[in-house]
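Residues per chain are reported as follows:
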Amino acid sequence: MEFRIKPGLHFCVVEGRTIFLDEDASRYFCIPDDVDRAFQLVISAEGKPDDGADDTLIADLIALEILEGEHALEGGIDRSPPMIVPTDDLGPPYVYAPPAFEIAAAFYERLRSNRITVRRGVADVRRLIERERLRFRREHSYPLSTSHLAVSAAFEVSDFVFGRNDRCLPRAIAMIRRYLRVGYDPSLVIGVRINPFTAHCWVQQGSTVFGESIDIARYASDSRRSGAEGRDVRLSAAPRGAAYGRAGYRHRPD
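Conventions adopted
Residues numbered from 1 in each chain as written. Predicted model: local features only at pLDDT ≥ 70, side-chain atom pairs only at ≥ 80, totals over all residues. Heavy atoms only, no water. Helix = DSSP H or I, 4+ residues; strand = E, 2+ residues; numbered from the N terminus. Buried < 20%, exposed > 50% of the residue type's maximum accessible area, 1.4 Å probe, protein only. Expected span 1.5 Å × (residues − 1). Core = buried A, V, L, I, M, F, W, Y, C linked by side-chain atoms within 4.5 Å.

Participant: I tried to follow unusual backbone geometry on my own but got confused; where do I start?
Facilitator: Trans is the prevailing form of peptide bonds, just as negative phi is the prevailing case for residues other than glycine. Notably, S26 is not glycine yet its phi reads approximately 55 degrees, a positive angle. Of note, S26 is situated in the loop between strand 3 (17-22) and strand 4 (27-29). By relative accessible area, S26 is classed as buried at 17%. Here the phi dihedral of E65 falls at roughly 60 degrees; this positive angle occurs in a residue that is not glycine. In this structure, E65 sits in the loop between helix 2 (55-63) and strand 5 (67-68).

Have a look at this one:
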């Protein structure tokens, strides 16, 4: 029997251990060490049974709804390419004076995104971004008229009203929707760190981080993603850490 990851389940590996994000439940969790090792053996075998994986532990992975075996894809687990590690940002936003209409647009999108994060989970956010990506991709066949610097600087101005601490998810949702609307094609990236556990999200196109400092790159090492169509939510891992929180640990990005 071949296996696949449960749809909507994302994961990343840090120092030999796995952190999962269940987008339907909007929660992070980890699993016991021995079950985790079995999971990684299955992943390295691309969804095919591995001689080193105990059948009991495989059964545990299925019972935990991490793996599915009954309707596995013919090719085993579909492993998406690793996320591109950020290597650049847009520079200090204060050196660019955004036009008034772009500041107004940033305020409008942040008001909308605050409502979205209260009422919707990660899965809903991903589907919303997918729909808007397709919609605006069809509409923008002409050269871009809005600078990415203008959008980033406008959101920096909006931080004086909406704040930035503990606001990364609604801020990133608002920013990616604005960038999509004016013709760019970025992704929403969720990064996790451990010991202590923290999460952060940002907007990225290629290797360039939008609206953040390149320091955010510390969240983006050894990344893997699965269980989602498209590229609208990516889970990445920080390069250092030693311990995981309890299974079922809930945490929204800061």
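Participant: How should helix 6 (residues 168-181) be read in this particular structure?
Facilitator: Residue pairs three or four apart in sequence face the same way in an α-helix, which turns once every 3.6 residues. End to end, helix 6 covers 20 Å across 14 residues, agreeing with the expected 20 Å (1.5 Å per residue, within 8%). Within helix 6, 13 of the 14 residues are buried, leaving the element largely enclosed by the surrounding structure. The first or second residue beyond helix 6 is G183, which carries a positive phi of 110 degrees.

Participant: Please clarify how helix 3 (residues 100-119) should be interpreted in this entry.
Facilitator: With 20 residues, helix 3 extends 30 Å between its outermost C-alpha atoms, agreeing within 8% with the 28 Å of an ideal straight helix rising 1.5 Å per residue. Where helix 3 is concerned, the buried positions are E102, A105, A106, E109, R110, R112, S113, I116 and T117.

Participant: What's the story with the nonpolar core in this structure? I'm lost.
Facilitator: Looking at soluble globular proteins, one finds that nonpolar side chains tend to be buried together. Y28 and Y179 are the most contacted members of the largest nonpolar core, which totals 35 residues. Counting residues per element, the ones that place at least two in this core are strand 2 (9-14), strand 3, helix 3, helix 4 (122-139), helix 5 (148-162), helix 6, strand 7 (187-193) and strand 8 (198-205). In terms of residue count, helix 6 provides more of this core than any other element does, nine residues in total. Grouped together as the second largest cluster of nonpolar side chains are 17 residues, F3, L9, V35 and I66 included.

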